Amino acid sequence: MKKIFLLLFIISTFSCKNSSENSSQIEIEKEYLGIEDISNSETKYETIVTENATDNFKLLNILKSKLKKANFNFTEQKEIRKMSYNNCEENIIININGNGIRQYFIRSKKPEKPTKDTYADFLIWVYEFSTPKIAQENYDILEKALNSKGRFCNGKAPEKLVLNGNEVFHLATRAEMFRTYTERYGEIIKNYR
């Protein structure tokens, strides 16, 4: 009988210990925010101000040329959709503002194989800054936000951030199947000198 009580005592002791470990694990998980948790009463807001600087027309002309050869249309958007970035780990929303923002819509002229009515498309936002140093600082802030919460804090759409000189480029597409395009053209932008 004593052995049974001793066994029950040991089991209950370990069960309680395990239970307290589980509850502390739940509390830790609640500290990290998801996209659905932003914005809240403790969210901080920051603004990155772009500046209309010398445009990198050579890079854009090379990009347009490569896209044209690959059967894509390249259109500058007149109405630019303002962007904001969530940093779920630091509970910050970063707004992009200023007169140094451009947006381009790229769409394939040929349907994706094996479909007959699905055309690849993606967007490119260009954020201009007065110096490469300021562009690098803002790139680091935006990249940290995009990578927060395992790259899911800003949604699940495929996105790529690229730095070239005094400009930060954000490439995004609506579907995972088009990620190869944002990756390919993002690398062209990144490696252009």
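Attention in this report is confined to the structure presented alongside it. (Residues numbered from 1 in each chain as written. Predicted model: local features only at pLDDT ≥ 70, side-chain atom pairs only at ≥ 80, totals over all residues. Heavy atoms only, no water.)

1. What to know about the side chain of Asn 86
Piece 1. Mapping Asn 86 onto the fold places it in strand β3 (residues 84-87).
Piece 2. Among the polar contacts listed, one links the side chain of Asn 86 to the backbone oxygen of Cys 153, at a separation of 3.3 Å. (Helix = DSSP H or I, 4+ residues; strand = E, 2+ residues; numbered from the N terminus. Polar contact = N/O pair within 3.5 Å; in protein donor to acceptor, adjacent residues only side chain to side chain.)

2. Some thoughts on the pattern of salt bridges
Piece 1. Overall, the coordinates contain 7 salt bridges when judged by the stated rule.
Piece 2. The shortest N-O distance in the salt bridge between Lys 144 and Glu 90 comes to 2.4 Å. Of this pair, Lys 144 sits in helix α3 (residues 132-151) while Glu 90 is found in the loop between β3 and β4 (92-98), placing the two residues 54 residues apart along the sequence.
Piece 3. On the basis of relative accessibility, which here comes to 34%, the residue Glu 90 falls in the partly exposed class.
Piece 4. Arg 174 is the salt-bridge partner of Asp 121, the closest N and O atoms lying 2.9 Å from each other. Residue Asp 121 is located in strand β6 (residues 119-128), and its partner Arg 174 is located in the loop between β8 (167-172) and α4 (179-191); the two are separated by 53 residues in the primary sequence.
Piece 5. Its relative accessible area of 10% is what places Asp 121 among the buried residues.
Piece 6. Given the relative accessible area of 55%, Arg 174 is considered exposed.
Piece 7. By sharing partners, the salt bridges in this structure join Arg 102, Glu 128 and Glu 167 into a single network. (Salt bridge = Lys/Arg side-chain N within 4 Å of Asp/Glu carboxyl O. Buried < 20%, exposed > 50% of the residue type's maximum accessible area, 1.4 Å probe, protein only.)

3. Things to note about helix α2 (residues 57-69)
Piece 1. Between the first and last C-alpha of α2 there are 18 Å, a value that for 13 residues agrees with the 18 Å anticipated at 1.5 Å per step.
Piece 2. Listing the buried residues of α2 in full gives Leu 59, Leu 60, Leu 63 and Leu 67. Looking straight down α2, one finds its buried side chains confined to an arc of 95°; they lie on one side. Facing away from the buried side of α2 by over 90 degrees, the exposed positions are Phe 57, Lys 58, Lys 68 and Lys 69.
Piece 3. Where α2 is buried, its residues contact β2 (72-76), β5 (101-111), β6, β7 (159-164), β8 and α4.
Piece 4. In the stretch just after α2, Asn 71 is the one whose phi turns positive, near 65°. (Expected span 1.5 Å × (residues − 1). Arc of directions from axis to C-beta. Contact = heavy atoms within 4.5 Å.)

4. Considerations on the sheet that holds β4
Piece 1. As summarised here, the arrangement of the 3 strands in space is β1-β4-β3, forming an open sheet in which the pairing is mixed. With partners counted over all chains shown, the strands left at the sheet margins are β1 (44-50) and β3, one partner each. Strand after strand, the sheet turns through a mean of 25° between neighbouring axes, direction not considered.
Piece 2. The pairing of β3 with β4 spans 4 bridges and is classified as antiparallel. Counterpart to Tyr 85 in the pairing with β4 is Ile 94. (Pairing = 2+ DSSP bridges. Axes fitted to C-alpha atoms, helices over the stretch in contact; angles between N-to-C directions.)

5. Some thoughts on the environment of Val 126
Piece 1. Mapped onto the elements of the fold, Val 126 is located in strand β6.
Piece 2. In sequence terms Val 126 and Leu 171 are 45 residues apart; their C-alpha atoms lie 8.9 Å from each other.
Piece 3. Apart from residues lying up to four places away in sequence, Val 126 is in contact with Gly 100, Ile 101, Arg 102, Tyr 104, Glu 167, Val 168 and Phe 169.

6. A few points about the environment of Arg 174
Piece 1. The spacing of Arg 174 and Phe 122 is 52 residues in sequence and 7.1 Å in space, taken between C-alpha atoms.
Piece 2. In contact with Arg 174, other than residues within four places in its own chain, are Tyr 119 and Asp 121.
Piece 3. A distance of 3.0 Å separates a polar atom in the side chain of Arg 174 from the backbone oxygen of Tyr 119.
Piece 4. In terms of polar contacts, Arg 174 uses its side chain to reach the side chain of Asp 121, at 2.9 Å.

7. Quick word on the nonpolar core
Piece 1. Counting residues in each nonpolar core, the largest one holds 21 residues, and the members touching the most others are Phe 122 and Ile 124.
Piece 2. Those elements that place two or more of their residues in this core are α2, β2, β5, β6, β8 and α4.
Piece 3. When near neighbours in sequence (up to four residues on either side) are disregarded, Phe 122 contacts Leu 67, Phe 72, Tyr 104, Phe 105, Ile 106, Leu 171, Ala 172, Thr 173, Tyr 181, Thr 182 and Tyr 185.
Piece 4. Among the nonpolar cores identified, the runner-up in size contains 19 residues, and Ile 48, Ile 92, Ile 94 and Phe 129 belong to it. (Core = buried A, V, L, I, M, F, W, Y, C linked by side-chain atoms within 4.5 Å.)

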